[in-house]
Amino acid sequence: MPKLISGAEIVFKALEDQKVEYIFGYPGGAVLPIYDELKNHKSIKHILARHEQGAGHSAEGYARSSGKPGVLLVTSGPGATNTVTALTDAYMDSVPLVCISGQVPTHLIGTDAFQECDTTGITRPCTKHNWLVKDVNDLSRVLHLAFEVATTGRPGPVLVDIPKDIQFKKGKYKFFKNTLKKKLNGKTTHKIANSELDKFIDLIKKSSKPIFYTGGGVINSGPEASKYLRELVSLTGFPITSTLQGLGAYPGDDPQFLGMLGMHGTYEANNAMHDCDLMINIGARFDDRITGKVDEFSPGSKKIHVDIDPSSIGKNIKVDLAIVSDVTEFLKSLIKRFKEKNKNFVGSNKQKTSKWWELIGKWREKKSLNFINSDKVIKPQHAVQRLYELTKNQDTFITTEVGQHQMWAAQHYKFNKPNRWMTSGGLGTMGYGLPAAIGVQIANPGKLVVDIAGEASVLMTMQEMSTAVQYRLPIKIFILNNEYMGMVRQWQELLHEKNYSESYTAALPDFVKLAESYGCVGIRAKSPEELDEKIKEMINIDKPVIFDCVVDKAENCFPMIPSGKPHNQMILGPEEEEEISDEGKILV
């Protein structure tokens, strides 16, 4: 007969069997038995956040940069509600998280007890699945199932709510493996039919204006997917663009890469998407920042959509060929089939696509990411370019907050490997980047981790610097400080007659002194001539750094598709600003 152990010990046995090395958390009354058990499990290290939202974003950064699920441990009531933003962020960006929350004892559930809330009710819309465990003998099964659900199919967050009395009770522990027999959220185990592959190949061969449009699904599928994607793009000779979350799946400095697409994407990427005759969507979801005006989105193209999640296919845009599959498995099968049927496809197809590449070359001549530089004030785009040039020769990991700086980072920092770019895309969570950098640094010790931040965003989770200092994590917070909520100010300029209502951040802290008060290093750059030396100084310091880069206050993020407009009607700079329709204003 198996030995009876406490619920708290069952939690750690399950974590050990799932090969968990780190948990991010914050203790409280309803999880004290689990925290008490922590001392008996030396293989699992606990990282103490300063706020549960910070713990959640750190777990996301860990997951996205390592490919392993992130684990967080929080108490009941406010502990659980503080994690909702991070769970929703992970849900929208398909990040595998396992959140273990404490709950009041079972006999007090529903009595409005101290620090009680309906955690499973609150988190149902922002998790793939959640469980309230009322029987200690169910606990090991539920925990192992939680890990499987989080990492199977389209990844995402799950939550296991454990009442305090269940943590004390004794029960049996068993390691449950692969309990999901049925398909879950589009996970397919069947071989992709040759007929589907042949339809795909046929569309490729008929096309004279093709484009690959790739997203975060390629990254989520693992490093093999990026390898196969590079091979397929090379085999076809087709141009490729990427969503914000797909950056790094294909080398950012390759001539076939047209840059990021979407609202602040490149002129060539957006025009190619609009004018193409074949759009090959691999692991992206046609979200509103990509499509612009839906009824004028790429009107003349056949569309192929490969996605692991069947609910994403046909949701926003109707497609001509839908394939539900994991990206790695699909690309592997497609390349094998393609090679069998098409020797030297690039050579034989060059003539067919030559006019398309000529047109793309003309769009590229617009140099849509250009900006007017200055020798007096640091332009934010210039700051990102210099950061890239001075860090590109080492294996650098970039996180961001949310706003103009995030878009400038995506435009001007080139990623050549997957899992090097961690940003909040779907939810757009200000305050994401700093705690995410902590998780990335823990997953990648010895690597350079930089959070490209805005001064407004970073203040939302600034308390997490204390965690970075405690665990000696040498993260670099590179703040593009324009004293405004930059993207809000930009939209107020374009949509609301320059009424900058509440977007100026008065009473900002002195970031250098703030850094010193945390026990880390503060650096400030005010002029272009000192920027390079200061960035080098930041890189060479083996401690957490807050870098206050004072940039042009009025710079706007271009190019952009004005809200409510199709892809081919981009504004390239301030001289082209035009009236935005009332319909467009609603879409911002």
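Residues numbered from 1 in each chain as written. Predicted model: local features only at pLDDT ≥ 70, side-chain atom pairs only at ≥ 80, totals over all residues. Heavy atoms only, no water.

Undergrad: So, helix α11 (residues 223–236): which residues are in play, and what are the values?
TA: Taking 1.5 Å as the rise per residue, α11 with 14 residues should run 20 Å; its terminal C-alpha atoms sit 21 Å apart, in good agreement. Regarding α11, the residues found buried are Ala225, Ser226, Tyr228, Leu229, Leu232, Val233 and Thr236. Axial view of α11: buried residues confined to an arc of 165°, hence all on one face. Residue Gly237 follows α11 closely and has a positive phi angle near 75°. (Helix = DSSP H or I, 4+ residues; strand = E, 2+ residues; numbered from the N terminus. Expected span 1.5 Å × (residues − 1). Buried < 20%, exposed > 50% of the residue type's maximum accessible area, 1.4 Å probe, protein only. Arc of directions from axis to C-beta.)

Undergrad: Give me the sheet that holds strand β18 (residues 476–481): which residues, what numbers.
TA: The 6 strands are arranged β16-β15-β17-β18-β20-β19 in an open sheet whose pairing can be described as parallel. The two strands at the open ends of the sheet, each matched to only one other strand, are β16 (421–422) and β19 (521–525). Of the pairings in the sheet, the one linking strand β15 (residues 396–400) to strand β17 (residues 448–454) comprises 5 bridges and is parallel in character. Within β17, the residue paired with Thr400 across the bridge is Ile452. Its contacts with the sheet place helix α16 (residues 380–391) against β15, β17, β18 and β20 (545–550), and it is angled at close to 155° to β18. Running over the sheet, helix α22 (residues 511–518) touches β18, β19 and β20 and is turned about 170° from β19. (Pairing = 2+ DSSP bridges. Contact = heavy atoms within 4.5 Å. Axes fitted to C-alpha atoms, helices over the stretch in contact; angles between N-to-C directions.)

Undergrad: Which residues make up the sheet that holds strand β14 (residues 321–324), and what values go with them?
TA: Taken in spatial order, the 6 strands make up an open sheet running β11-β10-β9-β12-β13-β14, and their pairing is parallel. Because the sheet does not close on itself, it has two edges, and the strands there are β11 (257–260) and β14. Here the average twist between neighbouring strands, direction ignored, is 15°. Both strand β9 (residues 210–214) and strand β10 (residues 240–242) contribute to a ladder of 3 bridges, which runs parallel. Across the sheet, Phe212 pairs through a bridge with Ile240, a residue of β10. Seen against the sheet, helix α12 (residues 267–275) touches β9, β10, β11 and β12 (278–282) and runs at an angle of roughly 105° to β11.

Undergrad: Residues and numbers for the nonpolar core, please.
TA: Core analysis: the largest hydrophobic core is formed by 74 residues, its most contacted members being Phe200 and Phe478. In terms of residue count, helix α14 (residues 327–341) provides more of this core than any other element does, 6 residues in total. If we skip the residues at most four places from it in the chain, Phe478 touches Ala383, Leu387, Val450, Asp451, Ile452, Ala453, Ile535, Met538, Phe547 and Cys549. Counting 41 residues, the second-largest nonpolar core is a separate cluster that includes Val74, Leu87, Val440 and Ile477. (Core = buried A, V, L, I, M, F, W, Y, C linked by side-chain atoms within 4.5 Å.)

Undergrad: Before we move on, can you summarise unusual backbone geometry with the specific residues and values?
TA: Look at the link from Phe558 to Pro559: it is a cis peptide, with omega at -5°. Inspection of the secondary structure assignment puts Pro559 in the loop between β20 and α24 (582–587). With a phi close to 45°, Lys367 is a non-glycine residue in the positive phi region. Turning to its location among the elements, Lys367 is positioned in the loop between α15 (345–364) and α16.

Undergrad: Could you give an account of the packing of α16 against helix α17 (residues 404–412), naming the residues involved and the relevant values?
TA: Interaxial distance between α16 and α17 falls to 9 Å at its minimum, and their mutual angle equals 50°. In this view, α16 runs oblique relative to α17, as classed from their interaxial angle. The handedness of the crossing between α16 and α17 is right-handed. Residues Pro380, Gln381, Val384, Gln385 and Tyr388 of α16 lie in contact with α17, whose contacting residues are Trp408, Ala409 and His412. By residue class, the composition of the contact of α16 with α17 is 5 nonpolar, 3 polar and no charged. (Parallel < 35°, antiparallel > 145°, perpendicular 65-115°, else oblique. Left-handed = near helix turned anticlockwise from the far one by under 90°. Nonpolar A, V, L, I, M, F, W, Y, C, P; charged D, E, K, R; others polar.)

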